Amino acid sequence: MDDIDLLENLAAIEALEIIEEDATEYPRQVNCNKNPFEEIIMTYRLSKDLMKQVINMVSPYIEPPATSRGITIERKVLTAIRFFASGSYQNDIGVSRYSALSQASVSNCIREVTSALNNQQIFDKYVYFPRNLDEFNAVRKGFNEKFGFQGVVGVVDCTHIAIFPPPINGELYPEHIYVNRKGYHSINTQLICDVNLRILNVCAKYPGSSHDSHIWNQSNVKKLMETLHRNGHSSYMLLGDSGYALRPWMMTPFLRPEPNTPEATYNDSFCKVRSIIERCNGVLKMRFRCLLKHRVLHYHPHKASSIINSCVLLHNLCVNENIPIIDEFEEDCDFGFIEQNNADIDVNIRQNPELTAGRRVRQQIVERFYT
């Protein structure tokens, strides 16, 4: 009997306690009507079948136990994903009845599973921006059918993932560079999602002080969108907030339009579509709570980035399999959004044809659909 079957059988024959995953401890409660299926998802965020899929996926990239008393690959995956799901400290994960491992063993499990999930052959299979025109058209169709907003192939924004302060004299970035505008250390993580909350692209390598627009300017997705438009595929665009520069391939809202004008109507529609990325960010962090601000990833920034990528991949698997979010959203959760300054201002507008073209495209959208 494997670990997953054991967990399922235990859940079916006993009244399992509700696993309290918040930092503050509450009395343990018993719910005799708890559905075993829901209990597995609450514990691991994945269904039993999806967990087996992940185990099979990463097995070729994880060293099997050298002896019969070694930690099995199945148990390594269960332990790592339990950490992603709860964000509890490694000691707490190790002493739970789902792992019963030492802190060092838990750390090794997380390292091995994270490394496997970040292998390009695995990661690129589940986290990818549209790779051809058919895929672009499919994403665009989804936004059009749900919101009636033409041409959208993704919504982009950044979110801050809290990390433990890195070394003062870091090899790549010094410690103070990771302090964001809210005053805590973080990795500023760029996400692009589709209408179904599937994450099309993630960039989790920049320190918290990096501006959203800087991360976007270094993005391969930006280069791809520019290339599409240069080659005549001008009907594809992303949506971003006012922290991004308006371009023909990046639509942003109008800055303080007059009420009851076509521009204000455009902004209302724009905000409804853009709410998708905020929802996606919230679902990602509530599904894998190690990413929540108050949990804090106690790792070197490079390893923290790998954990973020792993959670994004697992999130996409859950989206593909329609795995529900059973937990309620916490009312006081800080999901890491930081309001950015408006980037749609350019004193050299006459010397910036891309901004001029972006304003022209946006105005055409307003005239065609909102007047």
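Predicted, not measured: the structure shown is a model, and the values here were computed from it.

## Focus: the overall build of the chain
Along the backbone of the chain there are 13 helices and 5 strands. Looking at the chain as a whole, 52% of its 371 residues qualify as buried. The long-range share in the chain, meaning contacts at least 24 apart out of those at least 6 apart in sequence, stands at 70%. Summed over its atoms, the accessible surface of the chain is roughly 18,000 Å², and 48% of this surface lies on carbon and sulfur atoms.

## Section: the packing of helix 11 (residues 262-287) against helix 13 (residues 353-369)
Orientation of helix 11 relative to helix 13, taken along the N-to-C sense of each, is 95 degrees, at an axis distance of 9 Å. Taken together, helix 11 and helix 13 sit at an angle that is classed as roughly perpendicular. Of helix 13, the residues touching helix 11 (which contributes P262, E263 and Y266) are R362, Q363, I365 and V366. Broken down by class, the residue content of the contact of helix 11 with helix 13 amounts to 4 nonpolar, 1 polar and 2 charged.

## Quick look at the pairing of strand 3 (residues 199-207)
In terms of burial, strand 3 is a largely internal element, 8 of the 9 residues being buried. Here 6 bridges tie strand 2 (residues 186-193) to strand 3, and the two strands are oriented antiparallel to one another. Residue C193 lies in a different strand from strand 3, and its bridge partner there is I199. Once strand 2 ends, the chain turns through 5 residues before running back antiparallel as strand 3, passing L197 with a positive phi of about 75 degrees.

## Observations concerning the packing of aromatic side chains
According to the stated counting rule, one finds 9 aromatic pairs in the structure shown. Aromatic side chains Y173 and Y178 sit 6.1 Å apart centroid to centroid with 80 degrees between the ring planes, which places their arrangement in the edge-to-face category. On the accessibility criterion, Y178 (6% relative accessible area) is buried. Judged by centre distance (5.9 Å) and plane angle (35 degrees), the rings of Y266 and F270 are tilted. On the criterion of helical spacing, the pair formed by Y266 and F270 is a turn pair, its members being 4 residues apart in helix 11. Residues Y266 and F270 agree in their burial class; the two are buried. Three or more aromatic residues joined by ring pairs form one cluster here, namely F149, F254, Y266, F270 and Y370. A cation sits over an aromatic face here: R198 above Y128, 4.8 Å from the ring centre. Geometry around F254 places R362 over its ring, the cationic atom sitting 4.0 Å from the centre.

## What about the nonpolar core?
Residues V77, F84, M225, L297 and L314 are the most contacted members of the largest nonpolar core, which totals 95 residues. No other element matches helix 12 (residues 301-320), which puts 9 residues into this core. Sequence-distant contacts of L297, that is, excluding residues within four places in its chain, are made with F83, I161, A162, I163, F164, C290, L291, A304, I307 and I308.

## As for the confidence of the model for the chain
Per-residue confidence for the chain gives a mean pLDDT of 84; residues scoring 70 or more make up 79%. Counting contacts from residues 3-34, a segment whose pLDDT is below 50, to residues more than four positions away or on other chains yields 55 contacts. Confidence drops under pLDDT 50 across residues 90-95; counting only partners more than four residues distant or on other chains, this segment forms 19 contacts.

## Topic: helix 6 (residues 103-117)
Counting along an α-helix, one turn takes 3.6 residues, and residues three or four places apart therefore face a common direction. Across its 15 residues, helix 6 extends 21 Å between first and last C-alpha, which sits within 8% of the 21 Å expected from 1.5 Å per residue. Taken as a whole, helix 6 has its buried residues at V106, C109, I110, E112, V113, T114, A116 and L117.

## Quick look at the pairing of strand 2
The buried count for strand 2 comes to 8 of 8 residues, which makes it a mostly enclosed element. Residues S186, N188, Q190 and I192 line one face of strand 2 and the alternating positions I187, T189, L191 and C193 line the opposite face, and both faces are buried. Pairing of strand 1 (residues 152-162) with strand 2 involves 8 bridges; the strand directions are antiparallel. Along strand 2, the bridge assignment pairs D157 with L191.

## Describing the environment of A85
Position of A85 among the secondary structure elements: in helix 4 (residues 73-86). On the accessibility criterion, A85 (0% relative accessible area) is buried. A85 sits 226 residues away from C311 along the chain, and the two C-alpha atoms are 8.8 Å apart.

## Section: the pattern of salt bridges
Across all of its chains, the model carries 9 salt bridges by this definition. Here R198 makes a salt bridge to D194, at a shortest N to O gap of 3.6 Å. Judged by its relative accessible area of 13%, R198 is buried. Taking the shortest distance from any N to any O, the salt bridge between D241 and R274 comes out at 3.2 Å. With a gap of 33 residues between them, D241 in the loop between strand 4 (237-239) and strand 5 (250-251) and R274 in helix 11 connect regions that are remote in the sequence.

## A short note on the sheet that holds strand 1
Taking strand neighbours across the sheet as the criterion, the 5 strands line up as 3-2-1-4-5 in an open arrangement whose pairing is mixed. Of all strands in the sheet, those bounded by a partner on one side alone are strand 3 and strand 5. Sitting on the sheet, helix 8 (residues 133-147) touches strand 1 and strand 2, and the angle it makes with strand 1 is about 85 degrees. Its contacts with the sheet put helix 12 on strand 1, strand 2 and strand 3, and the angle it makes with strand 3 is roughly 170 degrees.

## Re the packing of helix 11 against helix 12
In contact at an axis separation of 10 Å, helix 11 and helix 12 are set at 105 degrees when each is read in the N-to-C sense. As far as their axial angle goes, helix 12 and helix 11 are roughly perpendicular. Residue-level contacts link C280, V283, L284 and R287 of helix 11 to C311, V312, H315, C318 and V319 of helix 12. Of the residues that constitute the contact of helix 11 with helix 12, the class distribution is 7 nonpolar, 1 polar and 1 charged.

What counts as what
Residues numbered from 1 in each chain as written. Predicted model: local features only at pLDDT ≥ 70, side-chain atom pairs only at ≥ 80, totals over all residues. Heavy atoms only, no water. Helix = DSSP H or I, 4+ residues; strand = E, 2+ residues; numbered from the N terminus. Buried < 20%, exposed > 50% of the residue type's maximum accessible area, 1.4 Å probe, protein only. Contact = heavy atoms within 4.5 Å. Areas by Shrake-Rupley, 256 points an atom, 1.4 Å probe, with all protein chains shown as cover. Axes fitted to C-alpha atoms, helices over the stretch in contact; angles between N-to-C directions. Parallel < 35°, antiparallel > 145°, perpendicular 65-115°, else oblique. Nonpolar A, V, L, I, M, F, W, Y, C, P; charged D, E, K, R; others polar. Pairing = 2+ DSSP bridges. Phe/Tyr/Trp six-rings, centres within 6.5 Å; stacked < 30°, edge-to-face > 60°. Lys NZ or Arg CZ within 6 Å of the ring centre and 35° of its normal. Core = buried A, V, L, I, M, F, W, Y, C linked by side-chain atoms within 4.5 Å. pLDDT = per-residue confidence, 0-100. Expected span 1.5 Å × (residues − 1). Salt bridge = Lys/Arg side-chain N within 4 Å of Asp/Glu carboxyl O.

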